[in-house]
Amino acid sequence: ISGDGKKYIAIIHADGNSLGKIIIKLQDHLKDKSVDEAATIFTGLSRAIEEATEMSAQEAYQKVLLPDYNAQKTGNKVMAARPIVIGGDDLTIIIRADLAFEFTKIFLETFEKASKNSIDNNLNSFKIKELPEKLTSCAGIAFVKDGYPFSRAYELAESLCRHTKDIAKASEKQDKGFVPSGFTFY
């Protein structure tokens, strides 16, 4: 993954913001609803989150990884990343270090846009005031040598993601009811 002559890779870990709060708000909204309606709404939310994550990973792949792959000379072409987790509101990926910032930026920006569309498509018909208009996500990026133990690099990326969330939650930009997206790296 690190490429010829390059010795660094990055571990990116991204996680959606404030989903616990959204679920609690939904539970309050659904307390007087039938079990079937509640199940349908939670299924729609789950689907919206999954779609946003997958579409965001695909967009970052199309804009960052695929052009890099196509630019390589013929022969031993190598995809400069390996996904570990793409599911729910989580993304964990090993990526060549020089591509990490752009991949993360595109993933986070697309996650906001895709989540708005997914929420509209899956839940708009229920007219739930408690739902945010979009979801946001934070990420941590650990830059490490290509031989560094993955478990340690992952723990670092995850702790950087938590650090980013703490900063974002304290941000004054929360006035619109959502935690802003962002990332931290080390």
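Caption draft 1: Geometry of a nonpolar patch on the surface. Judged by side-chain polarity, Ile84, Val85 and Phe150 come together as a nonpolar surface patch covering roughly 230 Å² of accessible area. Take isoleucine 84: it is sitting in strand β2 (residues 81–87).

Caption draft 2: Inspection of the packing of aromatic side chains at higher detail. This model, assessed by the stated rule, comprises 6 aromatic pairs. Centroid distance phenylalanine 107 to phenylalanine 111: 6.1 Å. Interplanar angle 25°. Geometry classified as stacked. One end of the pair, phenylalanine 107, and the other, phenylalanine 111, are both in helix α3 (residues 100–123), 4 residues apart, so they sit about a helical turn from each other. Summarising the burial analysis for this pair, phenylalanine 107 and phenylalanine 111 share the class buried.

Caption draft 3: Inspection of the nonpolar core at higher detail. In terms of nonpolar packing, the biggest core is built from 37 residues, with Ile12, Ile95, Phe103, Phe107 and Leu131 touching the most fellow members. Taken together, the elements giving at least two residues each to this core come down to β1 (8–16), α1 (19–30), α2 (35–71), β3 (90–96), α3 and β4 (137–145). At 10 residues, α2 tops the list of elements feeding residues into this core. Setting aside residues up to four positions removed in sequence, phenylalanine 103 forms contacts with Ile12, Ala57, Ala60, Tyr61, Val64, Leu65, Leu91, Ile93 and Ile95. Counting 7 residues, the second-largest nonpolar core is a separate cluster that includes Ile11, Ile94, Val144 and Ala157.

Caption draft 4: Here's a closer look at the side chain of aspartate 68. Along the chain, the position of aspartate 68 falls in helix α2. Within polar-contact distance, the side chain of aspartate 68 engages the side chain of arginine 96 at 2.7 Å. The contact partners of aspartate 68, leaving out residues within four places of it in the chain, are Ala80, Arg96 and Leu99.

Caption draft 5: Focus on unusual backbone geometry. Look at serine 18: it is not a glycine, yet its phi comes out positive at around 60°. As for its position among the elements, serine 18 is in the loop between β1 and α1.

Caption draft 6: Here's a closer look at the pairing of β4. Buried residues dominate β4, accounting for 7 of its 9 residues. Taken together, the 9 bridges between β1 and β4 define a ladder with antiparallel strand orientation. If you follow isoleucine 11 over to β4, its bridge partner there is alanine 142. Bridge count between β4 and strand β5 (residues 182–185): 4 bridges; the pairing is parallel. Considered in β5, the bridge of alanine 139 is made with phenylalanine 183.

Conventions adopted
- Every chain is numbered on its own, with residues counted from 1 as its sequence reads.
- Local features in this predicted model are restricted to residues of pLDDT 70 or higher, and side-chain atom pairs are both shown and tallied only at a pLDDT of 80 or more, whereas totals for entire chains, interfaces and linings draw on every residue.
- For the side-chain quantities, the full set of heavy atoms in the structure was used; hydrogens and water were omitted.
- By definition, no residue in a patch forms a salt bridge, and every one has over 30% relative accessible area; like charges are joined within 9 Å, nonpolar side chains (Val, Leu, Ile, Met, Phe, Trp, Tyr) within 5 Å.
- To measure how exposed things are, a 1.4 Å probe is used in the Shrake-Rupley method; for residues, cover is taken only from the protein chains shown.
- Each salt bridge in this description consists of a side-chain nitrogen of Lys or Arg and a carboxyl oxygen of Asp or Glu lying within 4 Å of one another.
- Put simply, DSSP H or I for four residues or longer makes a helix, DSSP E for two residues or longer makes a strand, and each gets a number counted from the N terminus.
- Within 6.5 Å between ring centres, the rings of Phe, Tyr and Trp (the latter by its six-membered ring) count as paired, and their orientation is classed by plane angle as stacked under 30 degrees, edge-to-face over 60, tilted in between.
- Burial classes follow relative accessibility: with a 1.4 Å probe on protein chains only, a residue under 20% of its type's maximum area counts as buried, one over 50% as exposed, and anything between as partly exposed.
- By convention a nonpolar core is built from buried Ala, Val, Leu, Ile, Met, Phe, Trp, Tyr and Cys residues, the set being connected through side-chain atoms within 4.5 Å.
- For this analysis, residues touch if any pair of their heavy atoms sits within 4.5 Å.
- Within 3.5 Å is the distance limit for a polar contact, defined as a pair of N or O atoms, with the added protein rule that one can donate a hydrogen and the other accept it, and that residues adjacent in sequence qualify only through two side-chain atoms.
- When DSSP locates at least two bridges between a pair of strands, those strands are taken to pair.

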